[in-house]
Amino acid sequence: MATGHVKRAFKYRFYPTDAQAAELSRTFGCVRKVYNMALDARTRAWQRGERVNYNATSAMLTAWKKMEELAYLSEVSSVPLQQALRHLQGAFVAFWEKRAKYPRLKSRKKSRVSAEYTRSAFAFRDGVLTLAKMQEPLAIVWSRPLPQGAVPSTVTVSRDAAGRWFVSMLCEDPGVKRLPTSGGAVGIDAGLEHLLTLSTGEKITNSRHERKDRARLVKAQRELSRKARGDGANRAKARQKVALIHARIADRRRDTLHKITTRLVRENQTLVIEDLTVRNMVRNRRLARAISDAAWSDFRSMLEYKATWYGREVIAVDRWFPSSKLCHACGTLQEKMPLNVRTWTCGCGATHDRDVNAAKNLLAAGLAVSVCGAGVRPQRRTPGGQSATKQKTPRREP
């Protein structure tokens, strides 16, 4: 059954002319300026006990354009500037709902540079995209076709730290269909030795993309550190070389995760994962690099939105659930399970692979939550005969 309302972003690389690059660079700078000025105005109002909304900042933008020192804001398309104010409003809503921290100022060097155009600010016809304030269309490399008859609702242009230009088109994709209901269910245990271990016993290799390019990255970073600080051309070239290596690592990692998550969602109706707090885990200096390279947060994000597309269910089990220390055969809870113990034998005689056992326990706990709802407390027997209980997280909607 086709969903008919799934919106997907199709991202392509493009190569701007010198004039287009200059226009987009000016637009990026104006977007950052407007965002920061609006944030400053809202912050000062908030400190006075007042609340400024999007409409108020939009009126401020009109006034700013009339100021002599900010007249350059009128030289670029107004749509990306209005979109920046809408994004700021969304950031404040997330802060008020305690889903994010207080919005921060955009840095010229560290922030991602982008500009979003709505339909009134671009023309798209027969695969030709022309943005407002530009005479020529963008030279896009169509690595894959857009859905037949698709018309972008928004277009986002960005430039990464490596100097590569991208255009992302948000379109409705009628090709995304809900998959037939399947009885398959799988528990997924994330790790470092193996990226993922499934309750079926399958272990998915950790490609360690960062480690493969580490020598090249270290050399490039060492060359960058030797360059004189400032905005010199040599330092800029060295910085771009480092950024290109990082981009290559990220591209490979993202490609691997897309392939894995797509397969898992297609093969299983229910997918049970552990509710890991990666932000806290990377504070471990010995494991921070490896955890970041594994990209567990990206894996979960991809798994959840693809499950939404295809009519699957993702269940997150509480991170304090002792999945590794429980015998999935008899339910006995071991007192200790050091990380160096990869296989162990329970008192009932069952021998377990640590990661496979954890995945099986996650699956059992997740299915219990799915069937019984929130507040399920499965009873587990400890070696002393006492029951060990753990609160499971309620079912999450992806």
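Bear in mind that the values here come from a model prediction, so they are computed numbers and not experimental data.

Criteria and cut-off values
Residues numbered from 1 in each chain as written. Predicted model: local features only at pLDDT ≥ 70, side-chain atom pairs only at ≥ 80, totals over all residues. Heavy atoms only, no water. UniProt positions renumbered as here; feature names shortened; annotations may be inferred. Helix = DSSP H or I, 4+ residues; strand = E, 2+ residues; numbered from the N terminus. Salt bridge = Lys/Arg side-chain N within 4 Å of Asp/Glu carboxyl O. Buried < 20%, exposed > 50% of the residue type's maximum accessible area, 1.4 Å probe, protein only. Axes fitted to C-alpha atoms, helices over the stretch in contact; angles between N-to-C directions. Parallel < 35°, antiparallel > 145°, perpendicular 65-115°, else oblique. Left-handed = near helix turned anticlockwise from the far one by under 90°. Contact = heavy atoms within 4.5 Å. Nonpolar A, V, L, I, M, F, W, Y, C, P; charged D, E, K, R; others polar. Phe/Tyr/Trp six-rings, centres within 6.5 Å; stacked < 30°, edge-to-face > 60°. Lys NZ or Arg CZ within 6 Å of the ring centre and 35° of its normal.

**A word on the UniProt feature "domain: Probable transposase IS891/IS1136/IS1341" (unreviewed entry) in the protein**
Argument step 1. Here, UniProt's "domain: Probable transposase IS891/IS1136/IS1341" (unreviewed entry) annotation points to residues 177-284.
Argument step 2. Helix makes up 52% of residues 177-284 and strand 18%, whereas the separation of the span's terminal C-alpha atoms amounts to 41 Å.

**Section: the pattern of salt bridges**
Argument step 1. Counted under the stated rule, the structure contains 20 salt bridges.
Argument step 2. Across the pair Asp-275 and Arg-300 runs a salt bridge whose closest N-O atoms are separated by 2.7 Å. Placement of the pair is Asp-275 in the loop between β11 (270-274) and α7 (278-281) and Arg-300 in helix α9 (residues 296-310), with a sequence separation of 25 residues. Accessibility assignment for this pair places Asp-275 and Arg-300 in one class, buried.
Argument step 3. Among the ionic contacts, a cluster of salt bridges with common partners joins Asp-160, Arg-164, Asp-251 and Arg-254.

**Focus on the packing of helix α1 (residues 18-47) against helix α2 (residues 54-65)**
Argument step 1. With their axes 11 Å apart at the nearest point, α1 and α2 run at an angle of 125° to one another. Comparing their axes, α2 and α1 come out oblique. In this structure, α1 meets α2 at a crossing whose hand is right-handed. Contact residues: α1 offers Val-34, Met-37, Ala-38, Ala-41 and Arg-42, while α2 offers Tyr-54, Thr-57, Met-60, Leu-61 and Trp-64.
Argument step 2. For the contact of α1 with α2, the per-class residue count stands at eight nonpolar, one polar and one charged.

**Looking at the packing of aromatic side chains**
Argument step 1. This model, assessed by the stated rule, comprises 11 aromatic pairs.
Argument step 2. Three or more aromatic residues joined by ring pairs form one cluster here, namely Trp-46, Phe-92, Phe-95, Trp-96 and Tyr-102.
Argument step 3. Across from the ring centre of Trp-96, 4.1 Å away, lies the NZ or CZ of Arg-51, which sits over that ring.
Argument step 4. Taking NZ or CZ as reference, Arg-266 lies 5.3 Å from the ring centre of Tyr-310, over its face.

**Things to note about the packing of helix α5 (residues 214-226) against helix α6 (residues 233-267)**
Argument step 1. Running from amino to carboxyl end, α5 crosses α6 at an angle of 160°, the nearest separation of the two axes being 9 Å. Relative to α6, the element α5 lies roughly antiparallel. Handedness of the α5/α6 crossing: left-handed. From α5, Arg-216, Leu-217, Ala-220, Gln-221, Glu-223 and Leu-224 reach across to α6, where they touch Arg-235, Ala-238, Arg-239, Lys-241, Val-242, Ile-245, His-246 and Arg-248.
Argument step 2. Each residue belonging to the contact of α5 with α6 can be placed in one class, and the counts come to six nonpolar, two polar and six charged.

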